Amino acid sequence: MSLAPDAVWRALEEIPDPEIPVISIVDLGVVKDVRVEDETVHVDFTPTFMGCPALDTMRRQIEDAVRGLGGEPEVRVVLDDSWSTDRISREGRQKLRTAGFAPPPPRSAGAPTLVQLERGPFRCPWCGSTDTRLENVFGPTPCRSLRYCDACRQPFEQFKTI
Amino acid sequence: MSDRVDLLLSLADDELLLGWRNSEWTGIAPFLEEDVAFSSIAQNEIGHARALYELAARELGTDADALAFDRTLDEYRSAPLVELRRLEWARTIARHWLYETADAIRLEALKGSDDVELAGIAAKIDREEVYHRIHAEMWIDRLLATDEGRGRLDEALEELWPYALGVLDDELRPELVRRAEERLGRSLPAVEPVPRGRHEAELAELHDEMTMVRRSAPAGARW
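Residues numbered from 1 in each chain as written. Chains lettered and ligands numbered in written order. Predicted model: local features only at pLDDT ≥ 70, side-chain atom pairs only at ≥ 80, totals over all residues.

**Let's talk about the overall build of chain A**
- The secondary structure content of chain A amounts to 5 helices and 7 strands.
- When the helices and strands of chain A are placed in sequence order, the string is α-α-β-β-α-β-α-β-α-β-β-β.
- Dimensions along the principal axes, computed over C-alpha positions, put chain A at roughly 60 × 30 × 25 Å.
- Scored against the burial criterion, the 162 residues of chain A give a buried share of 35%. (Helix = DSSP H or I, 4+ residues; strand = E, 2+ residues; numbered from the N terminus. Buried ≥ 20, exposed ≤ 12 C-beta atoms within 10 Å, placed from the backbone.)

As structure tokens, then:
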């Protein structure tokens, strides 16, 4: 008997992001599709940032999870523009904020600009103030920027919108 | 080799070599925030290279690492701009800005390509490059704000401008001229581009360094 896709999704929901373990890869939105054909479980996986060192680990964890259910994994990496930070679930955003990461603002019509990053209302995940400023467009991983909160005087990591 | 593979390799080689050059600032940038920035940009560029090599590798029946590291010097399709080793800040910034400006023009063209796979990957790369451009433009603002900064930028541009023109094909070059002149508020000299396919002496040294692990562990290194 072949596996139910729901069972696969539930198993994938248990896989933490290798770098930010508070959020699962399903919350992160990198699993695009799950299809079951007899013993084979097809998982479409879309990378976040292309230079993210966690991608290979995620892929391996997906394969292990499928094997753990008795299925044969076939992970397809989809390299197009279909992953966006907008795919991070509402629950995922709350988990990020609780862990001290400011979730990414929604994608807007145009590409982000320096003026937006400098003047936009970015909320501090610690105290909730928007009295924050950009310290560095780049941060400890490709997906994050560094900001500083002038209200509670704490630095914090802000997810970039892509 | 198909035109498509040739295009993919030239894009990937540019990103790999520039990523490598940018990573040379890791640990020694003039200040910590730039150390973080250049390291992160390097990581992104190498990630783009990997995805592009994978696309080419599928057509050639090989893998991304083999394309990145097992080819001879002559087989690289990189633009000489990315091969230069310029550990001097104004030149680093000038190269960064020139490359990102040229790359934006190239990506815009690729996003409209009939090759759906290539258009998709270009769109994804472009989302990340937005942040590189923001960083480069911020530095151009800083350099243009003082006489000393402008002087240093001009000196760097004098050397690098012919190289920047060499990143793009003939039909895209006028757009680079237009954007660069508009941004700088002055005209740039009409010079001969330093074309792709000819390599800078510094590439030999870089090639030697980046292929070292592959050569010393032909069966594959594990760590």
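From this point on, the discussion continues.
**With respect to the overall build of chain B**
- In terms of regular secondary structure, chain B is built from 10 helices and 0 strands.
- Helices (α) and strands (β) of chain B occur, in sequence order from the N terminus, as α-α-α-α-α-α-α-α-α-α.
- Taking 223 residues into account, the globule formula puts the C-alpha radius of gyration at 17 Å, and chain B, at 17 Å, falls close to it.
- Counting only C-alpha atoms, chain B reaches 55 × 40 × 30 Å along its principal axes.
- A total of 223 residues make up chain B; the buried ones form 39% of that total.
- Pairs at least 24 residues apart make up 71% of the contacts formed inside chain B by residues separated by at least 6 positions. (Rg over C-alpha atoms; globule rule 2.2 N^0.38 Å. Contact = placed C-beta atoms within 7 Å.)

**A closer look at the interface of chain A and chain B**
- In this assembly, 20 residues from chain A lie in contact with 24 residues from chain B.
- Taken together, the elements giving at least two residues each to the side of chain A that touches chain B come down to helix H5 (114-119) and strand S5 (132-136) of chain A.

**Structural notes on unusual backbone geometry**
Residues and elements named next belong to chain A.
- The backbone of Asp 38 sits at a positive phi, close to 50 degrees, despite the residue not being glycine.
- At Arg 153, a position not held by glycine, the phi torsion is positive, near 55 degrees.
- Structurally, the position occupied by Arg 153 is in the loop between strand S6 (144-149) and strand S7 (154-159).
- On the neighbour-count criterion, Arg 153 (10 C-beta atoms within 10 Å) is exposed.

**A word on the pairing of S7(A)**
Residue and element names in this part refer to chain A.
- Where strand S4 (residues 101-102) lies against S7, 2 bridges are found, and the strand directions are parallel. The partner of Ala 102 across the bridge, within S7, is Gln 158.
- Summarising the sheet, S6 and S7 pair through 6 bridges and their orientation is antiparallel. Paired with Arg 144 across the strands is Phe 159, a residue of S7.
- Between S6 and S7, which pair antiparallel and follow one another directly, the connecting turn spans 4 residues, one of which, Arg 153, has a positive phi of 55 degrees. (Pairing = 2+ DSSP bridges.)

**Remarks on the sheet that holds strand S2 (residues 40-45) of chain A**
Residue and element names in this part refer to chain A.
- The 3 strands are arranged S1-S2-S3 in an open sheet whose pairing can be described as mixed. Each edge of the sheet is formed by a strand with only one pairing partner; in this case those strands are strand S1 (31-37) and strand S3 (72-77). If you compare each strand with its neighbour and ignore which way they point, the axes differ by 20 degrees on average.
- Two elements, S2 and S3, share 6 bridges in a ladder whose sense is parallel. What sits directly across from His 42, in S3, is Glu 74.
- Strands S1 and S2 of the sheet are contacted by helix H1 (residues 5-13), whose axis makes an angle of about 140 degrees with S1. (Axes fitted to C-alpha atoms, helices over the stretch in contact; angles between N-to-C directions.)

**Focus on the packing of H1(A) against helix H3 (residues 55-68) of chain A**
All names here are of chain A.
- The geometry of H1 relative to H3 is characterised by a closest axis approach of 10 Å and an angle of 130 degrees between their N-to-C directions. As far as their axial angle goes, H3 and H1 are oblique. Every pair of crossing elements has a handedness; the one defined by H1 and H3 is right-handed. In this structure, H1 contributes Val 8, Ala 11 and Leu 12 to the contact, and H3 contributes Ile 62, Ala 65, Val 66 and Gly 68.
- A per-class count over the contact of H1 with H3 returns 6 nonpolar, 1 polar and no charged. (Parallel < 35°, antiparallel > 145°, perpendicular 65-115°, else oblique. Left-handed = near helix turned anticlockwise from the far one by under 90°. Nonpolar A, V, L, I, M, F, W, Y, C, P; charged D, E, K, R; others polar.)

**Digging into the sheet that holds S6(A)**
- Read from one edge of the open sheet, 4 strands run S4-S7-S6-S5 (chain A), paired in mixed fashion. Both outer strands of the open sheet, S4 and S5 of chain A, are each paired with one neighbouring strand and no more.

**As for helix H5 (residues 89-111) of chain B**
Residues and elements named next belong to chain B.
- Over its 23 residues, H5 runs 32 Å from end to end, which matches the ideal 33 Å to within 8%, given 1.5 Å per residue.
- Considered for burial, the residues of H5 that qualify are Thr 92, Ile 93, Ala 94, Arg 95, His 96, Trp 97, Leu 98, Tyr 99, Thr 101, Ala 102, Asp 103 and Arg 106.
- Of the surrounding secondary structure, the elements contacted by the buried residues of H5 are helix H1 (3-23), helix H4 (80-83), helix H6 (116-144), helix H7 (147-165) and helix H8 (173-184). (Expected span 1.5 Å × (residues − 1).)

**Side note on the environment of Met50(A)**
- Along the chain, Met50(A) falls in the loop between S2 and H3.
- Residues Met50(A) and Pro16(A) lie 34 residues apart in sequence; the distance between their C-alpha atoms is 19 Å.
- Discounting residues that sit within four places of it in the chain, Met50(A) has contacts with Asn44(B), Gly47(B), His48(B), Ala51(B), Lys124(B), Ile125(B) and Glu128(B).

**Some details on the environment of His207(B)**
- Looking at the secondary structure, you find His207(B) in helix H9 (residues 201-210).
- Overall, His207(B) belongs to the partly exposed group, with 19 C-beta atoms counted inside 10 Å.

**Points about the nonpolar core**
- The biggest cluster of nonpolar side chains holds 87 residues, and the ones touching the most others in it are Ala12(B), Leu52(B), Ala56(B), Leu81(B), Leu160(B) and Ala164(B).
- Tallying contributions element by element places helix H2 (residues 32-60) of chain B first for this core, with 12 residues. (Core = buried A, V, L, I, M, F, W, Y, C linked by C-beta atoms within 7 Å.)

**Quick word on the packing of H5(B) against H7(B)**
Residues and elements named next belong to chain B.
- With their axes 9 Å apart at the nearest point, H5 and H7 run at an angle of 45 degrees to one another. On the basis of the axis angle, H5 is oblique to H7. The crossing of H5 and H7 is right-handed. Of the residues in H7, those in contact with Ala 90, Arg 91, Ala 94, Arg 95, Leu 98 and Ala 102 of H5 are Arg 152, Leu 153, Glu 155, Ala 156, Leu 157, Leu 160 and Ala 164.
- Here the residues of the contact of H5 with H7 are counted per class, giving 9 nonpolar, no polar and 4 charged.

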